[in-house]
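Below, each chain spelled out in residue letters.
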Amino acid sequence: MPLDDIAGSLLGGLFRFVIYVFVDIFFEAIIKGTGHVVLVTLRPKKEPSETACAVVGLLFWVALVVMSVLILRPLLT
């Protein structure tokens, strides 16, 4: 059934494209953007690299989640 293969390939490619766009937007805007803001706030005269922004952004969000869990757990029990 060549039509099934063509439709499957087309839908698979479309699905990969949509996922790539969402992941790219999420990573660029949320993770790297937060890292850039943190680094520019801490070191205003130095332009941060993309890698530094990504690492600091990930660390910021992980720390935020951990702190939220540690604060909210005693309040909810």
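See the structure shown above.
This report concerns the structure included in the present document. Every chain's residues receive numbers from 1 upward, in the order its sequence appears when written. Side-chain atom pairs in this predicted model are given and counted only at pLDDT of 80 or more, local residue features only at pLDDT of at least 70, and totals for whole chains, interfaces and linings cover all residues. Side-chain measures here rest on the full set of heavy atoms in the structure, leaving out hydrogens and waters.

## Section: the packing of aromatic side chains
Step number 1: Between the rings of Phe, Tyr and Trp (Trp by its six-membered ring), a pair exists once the centres lie within 6.5 Å; its type follows the angle of the planes, with under 30 degrees stacked, over 60 edge-to-face, and the other angles tilted. In the structure shown here, the tally under the stated rule is 1 aromatic pair.
Step number 2: Centre to centre, the rings of Phe60 and Trp61 are 5.3 Å apart; their planes meet at 80 degrees, and the pair counts as edge-to-face.
Step number 3: Any residue under 20% of the maximum accessible area for its type is buried, any over 50% is exposed, and the rest in between are partly exposed; the area is computed with a 1.4 Å probe on protein chains only. Given the relative accessible area of 37%, Phe60 is considered partly exposed.
Step number 4: Trp61 sits in the partly exposed class, given a relative accessible area of 32%.

## Digging into the pattern of salt bridges
Step number 1: In what follows, salt bridge is the name for a side-chain nitrogen of Lys or Arg lying within 4 Å of a carboxyl oxygen of Asp or Glu. For the structure on display, the rule yields 2 salt bridges.
Step number 2: Its salt-bridge partner being Glu28, residue Lys32 comes within 3.3 Å of it at the nearest N-O pair. With Lys32 and Glu28 both in helix α1 (residues 2-42) and 4 residues apart, this pair spans about one turn of that helix.
Step number 3: Note on Lys32: relative accessible area 14%, which makes it buried.
Step number 4: We note a salt bridge from Lys32 to Glu50, for which the minimum N-O separation is 3.1 Å. Taken together, the residues span a long stretch of sequence, with Lys32 in helix α1 and Glu50 in helix α2 (residues 50-76) at a distance of 18 residues.
Step number 5: Connected through salt bridges with shared partners, the residues Glu28, Lys32 and Glu50 form a single ionic network. Numbering of helices and strands runs from the N terminus, with a helix taken as a DSSP run of H or I at least four residues long and a strand as a DSSP run of E at least two residues long.

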